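Examining the three-dimensional arrangement
Each chain, written out:
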Amino acid sequence: MAAQAANSKLLEVSGLTRHFHLGGGFLGRKAETVYAVDGISFDLGEGETLGLVGESGCGKSTAGKTILRLLTPTSGTIKLRGRDISALAKAELRPFRRDMQVIFQDPYSSLNPQMTAGDIVAEPMLNFAIAGASDRRRRAAELFQRVGLRQEAMAKYPHEFSGGQRQRLGIARALASGPSLIVCDEPVSALDVSVQAQIINLLIDLQRQMGLSYLFIAHDLAVVQHISQRVAVMYLGKIVEIAQTDALFAEPLHPYTEALLASVPAPDPRVKKSRKLLTGDVPSPIRPPPGCRFHTRCPYAEARCKVEEPVLEAKRDGHLVACHLR
Ligand code: SF4
């Protein structure tokens, strides 16, 4: 069941999987499958931010890349404004690429060091034939202003910017094609804490001004809580809980979400937390545990959890959970 977004739907993801097949044969190795994303469903409304959280290796970045069609889905559907883009060929996909952009964790590695900042921001307009040369320049200058960069900086090269400025540049480039959907893939995790807040506030301001929708992928729960209207929690390729941000942080229903929140340091260290902490490592996505994938780490696991996979279903209004006991 897909969690319903509050606003009209921009993005609808249904039963999406992305598996990677590792070829066998070398030194007698068996062919294996990595179940990186294994059947996720959710909606994203116009102007909404959905946080996607989970430990490293849970599949959240692969999910983001697959939704953008940077990776081809193994199965399932991705609809953008009601149009199924999951199986479109490269040429058919082109008009939709303009409407879906990405902001990466490490802006430096995603910026061409030999191009000036002005050319970097103008490049998507050139690629999508959005405007003539002088108009591109004018629009790029406007984008510099929008993201808080001085227009003189258009002549600089990426290495001349600080980390925070480079992320502003990455945001300006993402905005250049006029997208509705931006996948933000750990956009502040490489930045100093003081700069993180500036970039998050910039993203919030841009969303208000331009009506953008964000799929905000991050492992930092405080950041996700600040920017998201709803949050989806991923574990080993599956969404295990999805809810309004306030409800999820006040009363998480899934034991994994509960443990993730317990691992966030309390503002007052004298306050003891009653929630159970997460122990052990995430199992391999090559051989995910049968039944509930979290059963090997779950303090509440019962016999049934080892054989029967729980379904993601509404336990309260707009609050979906995949757990036999909640
Ligand atoms: Fe834990 Fe069982 Fe719920 Fe899975 S289904 S989270 S193992 S109680």
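Reading the values: rules and limits
- Residues numbered from 1 in each chain as written.
- Predicted model: local features only at pLDDT ≥ 70, side-chain atom pairs only at ≥ 80, totals over all residues.
- Heavy atoms only, no water.
- Helix = DSSP H or I, 4+ residues; strand = E, 2+ residues; numbered from the N terminus.
- Buried < 20%, exposed > 50% of the residue type's maximum accessible area, 1.4 Å probe, protein only.
- Pairing = 2+ DSSP bridges.
- Contact = heavy atoms within 4.5 Å.
- Axes fitted to C-alpha atoms, helices over the stretch in contact; angles between N-to-C directions.
- 1 Å grid on protein atoms, 1.4 Å probe; cavity = no way out; pocket = protein on both sides within 12 Å on 5 of 7 lines; lining within 4 Å.
- Points joined across faces, edges and corners; volume = space filled by probe spheres on them.
- Nonpolar A, V, L, I, M, F, W, Y, C, P; charged D, E, K, R; others polar.
- Near = heavy atom within 4 Å.
- Sits in = over half its atoms within 2 Å of the grid points.
- Domains from an automatic or database assignment.
- Buried area = accessible area lost by both parts, 1.4 Å probe.
- Salt bridge = Lys/Arg side-chain N within 4 Å of Asp/Glu carboxyl O.
- Polar contact = N/O pair within 3.5 Å; in protein donor to acceptor, adjacent residues only side chain to side chain.

Here the focus is the side chain of Ser41. For Ser41, the position within the fold is in strand 2 (residues 32–45). Judged by relative accessible area, Ser41 falls into the buried class, the value being 16%.

Let us look at the sheet that holds strand 1 (residues 9–22). Spatially, 2-1-4-5 is the arrangement adopted by the four strands of the open sheet, whose pairing is antiparallel. A single partner strand is all that each edge strand has here, and the edge strands are strand 2 and strand 5 (83–84). Across two bridges, the pairing between strand 4 (residues 75–80) and strand 5 is antiparallel. Within strand 5, the position partnered with Leu80 by the bridge is Arg83. Set on the sheet, helix 1 (residues 60–67) makes contact with strand 1, strand 2 and strand 4; between it and strand 1 the angle comes to about 115°.

The phi angle at Glu186 is positive, at roughly 50°, despite the residue not being glycine. Position of Glu186 relative to the elements: it lies in the loop between strand 7 (181–185) and helix 6 (193–210). Residue classification places Glu186 among the buried positions, given a relative accessible area of 10%. One non-glycine residue, Leu236, adopts positive backbone phi at about 45°. Relative to the elements of secondary structure, Leu236 occurs in the loop between strand 9 (230–235) and strand 10 (238–244).

Turning our eyes to something else, we now look at empty space enclosed by the protein. Counted under the stated rule, the structure contains four cavities of 30 Å³ or more. Of the voids in this model, the largest cavity is the one considered here, and its volume is about 80 Å³. Together, His254, Pro255, Cys292, His295, Cys298, Tyr300, Ala301, Cys305, Pro310, Cys323, His324 and Leu325 line the largest cavity. Taken together, the residues of the lining of the largest cavity break down into nine nonpolar, three polar and no charged.

Quick look at the site of the ligand now. Not every one of the 13 residues close to the ligand is listed here, only the nearest: Cys292, Cys298, Cys305, Cys323 and His324. Taking a 2 Å distance to the grid points as the criterion, the majority of the atoms of the ligand fall inside the largest cavity. For the shell around the ligand, a count of residues per class yields 10 nonpolar, three polar and no charged.

Before going further, it helps to spend a moment on the domain arrangement of the protein. Domain annotation of the protein identifies domain 1 (9–99 + 209–321) and domain 2 (101–178). For domain 1 versus domain 2, the separation of C-alpha centres amounts to 30 Å. Contact residues are listed per partner, giving eight residues for domain 1 and nine residues for domain 2. With both sides pooled, the region where domain 1 packs onto domain 2 buries about 870 Å², and carbon together with sulfur makes up 57% of that total. One can count zero salt bridges joining domain 1 with domain 2. In this assembly, domain 1 and domain 2 are joined by four residue pairs in polar contact (both at pLDDT 80 or more). Counting only elements with at least two residues in the side of domain 1 that touches domain 2, the list comes to helix 2 (90–97) and helix 6.

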